[in-house]
Amino acid sequence: MSGGAARPVETEAVAARAGRGAGAEAVELEVVRPGALTTVQDLGRPGYAHVGVPHSGALDLPALALANRLLGNPDGAAGLETTVDGVALRAAAPVTVAVTGAPCPVRVAGRPAAWGAPVRVPAGAVLEVGRAVAGLRTYVAVRGGLAVPAVLGSRSADLLSGLGPAPLAPGVRLPVGPAPTAPVAGVDVVRAPAPPAELVLPVRPGPRDDWFRAGELFGARYRVAPASNRIGLRTEGGPGLTRVREGELPSEGMVLGAVQVPPDGLPVVFLADHPVTGGYPVVGVVPPPALALAAQARPGTPLVFVPN
């Protein structure tokens, strides 16, 4: 939506749950510039794979959790995940925000502000989260969390299934929940690790590791492919894995971190919005804690797999 009236996301029911009456001043963030791809994310909606619903949630969970801890929010409070070029938001009322994940310039009302620390945004001021100078995804949390409606217990946008709020567009208004009782933590919270210059992913054997030449995955060097997205990290530049067992598979369950091998032999690592079933063999599984670095790996980043 561009050039029209702002599209409210909040409903009266959401306002009531947040402790605001219908006539009270709304605490909202209005989208001025949505960036290349900015979505609302929290810890996701695990436990629904049996009904075809992906896990979803922030790709770099430690970065979102850090932003929330800086503000005194619970780890699961919903925030924003931006991709490459950030986002710009106007505060309808004073709010406190924190920006983590991929390092980037931050400005409030045109003036430089801190990255990785609580920042006060006055009413009417614009928070500008700039282009990532390293890494790929930046996270923006607001004290109180984003109070968009939850679907299956999560406020996360799932790009594969379409569940949750749509990616941000100009004029969208994002409601902010009530401030938590915990204090703002400040800048002494442990920082998230820097984006990797080389991505090293540990892999546990998968259900079809015997379909490929033994150890071949660990002897190859790849690059992160530009076609990577929230569904999966695709690889390029390395040799295709050699099949030692031919034949096709019926669709079977897929888990977060599954390393699937399509016909070209180049591994694909499934991320938060991955499908819950698939028919290509899974040679291994990357443990979920290691996937945060994958979320920050830009196209072209060298990639190696190591046994776990």
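Structure first, text after, so check above.
Here the structure is a predicted model, which means the values were calculated and not measured. (Residues numbered from 1 in each chain as written. Predicted model: local features only at pLDDT ≥ 70, side-chain atom pairs only at ≥ 80, totals over all residues. Heavy atoms only, no water.)

Engineer: I would appreciate a short explanation of the sheet that holds strand β6 (residues 106–108) in the present structure.
Structural biologist: Sheet strands line up and pair through hydrogen bonds in the backbone, either parallel or antiparallel. Spatial ordering of the open sheet is given by β7-β6-β9-β4-β1-β11, a layout of six strands whose pairing is antiparallel. In this open sheet, the two strands that pair with only one neighbour each are β7 (111–113) and β11 (173–175). Strand-to-strand twist in this sheet, taken as the mean axis angle between neighbours without regard to direction, amounts to 30 degrees. Judged from the four bridges that link them, strand β1 (residues 28–33) and strand β4 (residues 87–91) form a sheet pairing that is antiparallel. Bridge pairing in β4 places Leu29 opposite Ala91. (Pairing = 2+ DSSP bridges. Helix = DSSP H or I, 4+ residues; strand = E, 2+ residues; numbered from the N terminus. Axes fitted to C-alpha atoms, helices over the stretch in contact; angles between N-to-C directions.)

Engineer: Please clarify how the nonpolar core should be interpreted in this entry.
Structural biologist: For soluble globular proteins, nonpolar side chains are generally found buried alongside one another. Core analysis: the biggest nonpolar cluster contains 32 residues, and Leu199, Leu201, Leu233, Val269, Val286 and Phe305 have the highest contact counts within it. Among the elements of the structure, α2 (61–71), β12 (199–205), β13 (221–224), α3 (291–295) and β20 (302–307) are those that each provide at least two residues to this core. Not counting the four nearest positions on each side in its chain, Val269 is found in contact with Leu201, Ile231, Gly232, Leu233, Gly257, Ala258, Val259, Val286, Leu291 and Phe305. Listed in part, the 28 residues of the second largest apolar core include Val87, Val99, Val108 and Val140. (Core = buried A, V, L, I, M, F, W, Y, C linked by side-chain atoms within 4.5 Å. Buried < 20%, exposed > 50% of the residue type's maximum accessible area, 1.4 Å probe, protein only. Contact = heavy atoms within 4.5 Å.)

Engineer: What's the story with the sheet that holds β12 in this structure? I'm lost.
Structural biologist: Sheet architecture is closed into a barrel: seven strands sit in the order β12-β19-β16-β17-β14-β13-β20, paired in mixed fashion. Taking each pair of neighbouring strands and ignoring which way they run, the sheet shows an average axis angle of 40 degrees.

Engineer: Explanation requested: the pattern of salt bridges in the structure shown.
Structural biologist: Side-chain pairing between opposite charges can occur once the charged atoms of the two side chains come close. As enumerated under the stated definition, the model contains eight salt bridges in all. Where Glu252 meets Arg208, a salt bridge forms, and the shortest distance between an N and an O atom there is 2.7 Å. Highlighted residues: Glu252 in strand β15 (residues 252–253) and Arg208 in the loop between β12 and β13, separated in sequence by 44 residues. Among the salt bridges present, the one from Glu216 reaches Arg213, with a minimum N-O distance of 3.9 Å. The exposure class assigned to Glu216 is buried, which follows from its relative accessible area of 17%. (Salt bridge = Lys/Arg side-chain N within 4 Å of Asp/Glu carboxyl O.)

Engineer: Explanation requested: the packing of aromatic side chains in the structure shown.
Structural biologist: The geometry of an aromatic ring pair comes down to the distance between the two centres and the angle between the two planes. Inspection of every chain in the model, using the stated rule, returns one aromatic pair. Taking the centre distance of 6.0 Å and the plane angle of 70 degrees together, the rings of Tyr222 and Phe305 count as edge-to-face. Placement of the pair is Tyr222 in strand β13 and Phe305 in strand β20, with a sequence separation of 83 residues. On the accessibility criterion, Tyr222 (2% relative accessible area) is buried. Its relative accessible area of 1% is what places Phe305 among the buried residues. (Phe/Tyr/Trp six-rings, centres within 6.5 Å; stacked < 30°, edge-to-face > 60°.)

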